[in-house]
Amino acid sequence: MAIFYGGDYNPEQWPEEVWPEDVELMRRAGVNLATVGVFSWARIQPEEGVFDFDWLDRVLDLLHAGGVAVDLATATASTPPWATYKYPDILTTTREGAIRWPGSRQHYAPTSPDYRRLASELVSALVDRYKDHPAVVMWHINNELGCHTTYDYSDQAAVAFRSWLVRRYGDIGSLNAAWGTTFWSQRYTGFEQIVPPRLTPAAVNPTQQLDFRRFSSDMLLELLRMEKRIIRDAGATQPITTNMMGAFPNADYWSWADELDVISDDSYPDPRDPHSFRTAAFGRDLMRSLKPGTPWILMEQAPNQVNWRPNNAVKAPGQMAAMSMQAVGRGADGVLFFQWRQAARGSEKFHSAMLPHAGPSTRTYREVAELGAALRTLGDLPAPGRDASVAIVLDWNCHWALDQPNHPARFNYLAQVQGWHAAFHELNIQVDIVRSTGPFDGYDVVVAPSLYLMSDASPLVQFVASGGCLFTTAYTDVADENDGFLPGGFTQRLGEALGLTVTDFAGVQGTEASYATNLRGEILREEIVLSGAEVLETFTDGTPALTRHPFGQGEAWHLATMATEADRVSLAARLATHRGITPVMADLPPNVEACARSGLITLINHNPTPVKLGDDELGPYEYRLSRANVSPPQA
Ligand code: GLA
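Summarised in this report is the structure supplied together with it. (Residues numbered from 1 in each chain as written. Predicted model: local features only at pLDDT ≥ 70, side-chain atom pairs only at ≥ 80, totals over all residues. Heavy atoms only, no water.)

In this section: the overall build of the chain. Of the regular secondary structure elements, the chain holds 17 helices and 26 strands. For the chain, whose C-alpha radius of gyration is 26 Å, the value lies close to the compact-globule estimate of 26 Å for 635 residues. Counting only C-alpha atoms, the chain reaches 75 × 75 × 45 Å along its principal axes. Each of the 635 residues in the chain was classed as buried or not, and the buried ones make up 60%. Taken as a whole, the chain presents about 24100 Å² of accessible surface, with 52% of it coming from carbon and sulfur. The averaged location of the 75 negative side-chain charges in the chain is 3 Å from the averaged location of its 51 positive side-chain charges. (Helix = DSSP H or I, 4+ residues; strand = E, 2+ residues; numbered from the N terminus. Rg over C-alpha atoms; globule rule 2.2 N^0.38 Å. Buried < 20%, exposed > 50% of the residue type's maximum accessible area, 1.4 Å probe, protein only. Areas by Shrake-Rupley, 256 points an atom, 1.4 Å probe, with all protein chains shown as cover. Lys, Arg positive; Asp, Glu negative; His and termini not counted. Charge placed at Lys NZ, Arg CZ, Asp CG, Glu CD.)

Pasting the structure below:
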């Protein structure tokens, strides 16, 4: 099957006479997939109970005749004005109690019964009409679920939150115990007394906040399941996707992945940031890891500049293709854009498109067409396999517990996880992303940065016992799944494997966590009591900074601080050398990336300048793909 190539197509923004030109220019650019209908609700349903599909019939027929398949969106991402006028409960409320009004997009409350009813009617009507249309090859649920409005603090959200809490805890006594409500006189005597974590005079109960974030992620998941059920109950057989947003902080994508046939991602790295290709690589590895062994789709990226940064750089010639091939190299079977034709009106009119406002005689369209041709030559690509020996743990519950005040030091958990990924990426060592509960089999090294909150540590302990190498960093194994301490101190669950106990935490600044050698920790450092671990590095006062402990058939390392960016790279290299893990390609020049996809090696120069590879040279943003039986250029 050819790789999917195309983008969001919003024909309702244009007179019908323009559509044939669209399809012709798509054909010339090599487009074979268009995502249609993402924001078409108001056009499809002009009023409640009235559907107008004639125009959409003509769009789908035209695309089909032109050889362009359709990823049909369910159009539920933005309710029309008639809906919010008639049913104002669709709107969301901020923490402060202000209403988020219509006039923009994605203003619906995930818990609103009216939103759910209207969305269900829309999806049913769409699926009934198009489930057998030959153009439709995929269903695209909603759009970036949770973008803009994950958190709703309205009264109806409070009702849904209470039901969710009843399901989780059963009785109010269990909730009181889990939330620790003896503190600050917070004890509840009935679920009806509970509200979402609205604006409070001082810090809100941390478990209330954590549960509200879990609940809010689950409400989005309920929407996903609701639409999926309607699609399947109607008998539609096409694969179902929804476009994710990398390591989106507000939704536990691990719980979504099982619901989807195809994982897809939206990715907008800043072309001006020379390191954004590393963050993008993290997103690509995450998407591949969400459903191991299956390809995913890059559903949206910008063909050139976006409109929503304060200052929007254009992509350098070749940069868009390089980033697209990064996705392919890391497991994507589709490269799509937001959007096909540049909007002439509305707040995204300065966002680039595959077909710019200035027409096809533009660098952007030329590069789009060149990439389309290049992708066609790739033919069938292997499914991503087990190319990584290293896995990095990512846990959204941990992020939600840590993204709150009142810790020894505030830090961004997701940035720590991405930072460790970036370190291995810089070394061109292939990495998968994993859940905190695994599975870990097949990996040699598992890195768990600041795994503060844990529900079940036994898979990690088992991984070490059976021969794996675990590497943890400060602030790991601190709290139970409800963000409370376990009786008896910290590191209750991993301490035996780590050969130590953590006894206290100190926030640090400047050089307060310098090691005796030239390494330097940051953010916080731990006080440790050893129980078998050997000390590999000490802080300047002689206390342990880095330890290693043989346990069972394996070993567990612990860093009693957070590493700086540079130190993460040297520690990752030390770990790799120790375990005999080799990069996809060694000794590449800085900012040259190599990744593996079951025998397909992708090499990309992310520098705006040429680089030497032995006698060979890679031009600015040049990429090369080589199959395993063809040797890649030697560094
Ligand atoms: C997101 C949305 C698109 C569009 C782009 C702009 O990805 O899904 O509709 O707004 O951002 O970058």
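In total, this model carries five cavities of 30 Å³ or more according to the counting rule given. Space inside the largest cavity adds up to approximately 50 Å³. Every residue lining the largest cavity is listed: Pro-110, Thr-111, Thr-150, Asp-152, Ala-157, Phe-212, Phe-215, Ser-216 and Met-219. The element contributing the most residues to the lining of the largest cavity is helix H8 (residues 206-233), with four residues. Taken together, the residues of the lining of the largest cavity break down into five nonpolar, three polar and one charged. Put simply, the second largest cavity is a space of about 40 Å³. Lining the second largest cavity are Asp-285, Arg-330, His-425, Asn-428, Ile-429, Gln-430, Val-584 and Ala-594. (1 Å grid on protein atoms, 1.4 Å probe; cavity = no way out; pocket = protein on both sides within 12 Å on 5 of 7 lines; lining within 4 Å. Points joined across faces, edges and corners; volume = space filled by probe spheres on them. Nonpolar A, V, L, I, M, F, W, Y, C, P; charged D, E, K, R; others polar.)

It helps to recall that an α-helix has 3.6 residues per turn; residues three or four apart then point in one direction. The end-to-end C-alpha distance of helix H17 (residues 565-579) is 21 Å, a good match for the 21 Å that 15 residues give at a rise of 1.5 Å each. Listing the buried residues of H17 in full gives Asp-567, Arg-568, Val-569, Leu-571, Ala-572, Leu-575 and Ala-576. Buried residues along H17 sit against helix H14 (413-426), strand E14 (445-448), strand E15 (469-473), strand E19 (544-551), strand E20 (554-559) and strand E21 (561-563). Just downstream of H17, Gly-580 is the residue with a positive phi angle, here 70 degrees. (Expected span 1.5 Å × (residues − 1). Contact = heavy atoms within 4.5 Å.)

Right, let's get into the site of the ligand. The immediate surroundings of the ligand are formed by Phe-39, Arg-105, Asn-143, Glu-144, Asp-266, Tyr-268, Glu-300, Trp-308, Phe-338, Glu-348 and His-351. Between the ligand and the protein, one listed contact pairs an oxygen atom with a side-chain N or O atom of Glu-300 at 2.3 Å. Measuring from an oxygen atom of the ligand, one finds a side-chain N or O atom of Trp-308 at 2.8 Å. Compared with its free state, where it exposes 310 Å², the ligand has 96% of that area covered by protein. Tallied by class, the residues present in the shell around the ligand amount to four nonpolar, two polar and five charged. (Near = heavy atom within 4 Å. Polar contact = N/O pair within 3.5 Å; in protein donor to acceptor, adjacent residues only side chain to side chain.)

Before going further, it helps to spend a moment on the packing of helix H5 (residues 113-130) against H8. Relative to each other, H5 and H8 sit at 30 degrees, their axes nearing to 9 Å. The angle between H5 and H8 falls in the class roughly parallel. Crossing of H5 against H8: the hand is right-handed. In contact with Tyr-115, Arg-116, Ala-119, Ser-120, Val-123, Ser-124 and Val-127 of H5, H8 contributes Met-219, Glu-222, Leu-223, Met-226, Glu-227, Ile-230 and Ile-231. Taken together, the residues of the contact of H5 with H8 sort by class into nine nonpolar, two polar and three charged. (Axes fitted to C-alpha atoms, helices over the stretch in contact; angles between N-to-C directions. Parallel < 35°, antiparallel > 145°, perpendicular 65-115°, else oblique. Left-handed = near helix turned anticlockwise from the far one by under 90°.)

Another point: the pattern of salt bridges. In the structure shown here, the tally under the stated rule is 39 salt bridges. Across the pair Arg-624 and Asp-616 runs a salt bridge, and its minimum N-O distance is 2.7 Å. If you follow the salt bridges from partner to partner, you end up with Asp-285, Arg-288, Arg-330, Arg-386, Asp-432 and Glu-593 in one network. (Salt bridge = Lys/Arg side-chain N within 4 Å of Asp/Glu carboxyl O.)

Viewed as axis vectors pointing N to C, helix H10 (residues 276-290) and helix H11 (residues 319-329) meet at an angle of 30 degrees, and their least axial separation amounts to 9 Å. Comparing the axis directions of H10 and H11 gives the class roughly parallel. In terms of crossing hand, the pair formed by H10 and H11 is right-handed. Contacts between H10 and H11 pair Phe-277, Ala-280, Ala-281 and Arg-284 from the former with Met-323, Gln-326 and Ala-327 from the latter.

Looking at the secondary structure, you find Thr-111 in the loop between strand E5 (99-100) and H5. Residue class for Thr-111 comes out buried when judged on its relative accessible area of 12%. Ignoring any residue separated from it by four or fewer positions in sequence, one finds Thr-111 in contact with Arg-116, Asp-152, Gln-156, Ala-157, Ala-160, Phe-215 and Met-219.

The strand order across the open sheet formed by seven strands is E13-E12-E14-E15-E20-E19-E18, and the pairing between neighbours is mixed. Taken across any chain shown, the strands that pair with only one partner, and hence form the sheet edges, are strand E13 (431-434) and strand E18 (534-538). Adjacent strand axes in the sheet meet at a mean angle of 20 degrees when their direction is disregarded. As judged from the five bridges shared by E15 and E20, these two strands associate in the parallel manner. Along E20, the bridge assignment pairs Thr-473 with Leu-559. Contacts from H14 reach strand E12 (390-393), E13, E14, E15 and E20 within the one sheet, and its direction differs from that of E12 by about 170 degrees. Against the sheet, H17 contacts E14, E15, E18, E19 and E20, and its axis sits at roughly 170 degrees relative to E20. (Pairing = 2+ DSSP bridges.)

The next subject is the packing of aromatic side chains. One pass over the full model with this rule turns up 29 aromatic pairs. Judged by centre distance (4.3 Å) and plane angle (10 degrees), the ring pair of Tyr-108 and Tyr-115 falls under stacked. The buried category is assigned to Tyr-115, whose relative accessible area is 1%. Ring-pair connections join several aromatic residues into one group, and the members of that group are Tyr-151, Tyr-153, Phe-161, Trp-164, Trp-179, Tyr-188, Phe-212 and Phe-215. Positioned above the aromatic ring of Tyr-443 is the side chain of Arg-386, whose terminal nitrogen or guanidinium carbon lies 3.9 Å from the ring centre. (Phe/Tyr/Trp six-rings, centres within 6.5 Å; stacked < 30°, edge-to-face > 60°. Lys NZ or Arg CZ within 6 Å of the ring centre and 35° of its normal.)

This brings us to the nonpolar core. Of all hydrophobic cores here, the largest spans 184 residues; its most connected members are Val-36, Leu-63 and Phe-424. Looking at which element gives the most residues to this core, the answer is H8, with 11 residues. Dropping the residues within four chain positions of it, Val-36 is found in contact with Tyr-9, Leu-56, Val-59, Leu-60, Leu-63, Val-70, Asp-71, Leu-72 and Ala-73. Counting 10 residues, the second-largest nonpolar core is a separate cluster that includes Val-592, Ala-596, Ile-601 and Val-611. (Core = buried A, V, L, I, M, F, W, Y, C linked by side-chain atoms within 4.5 Å.)

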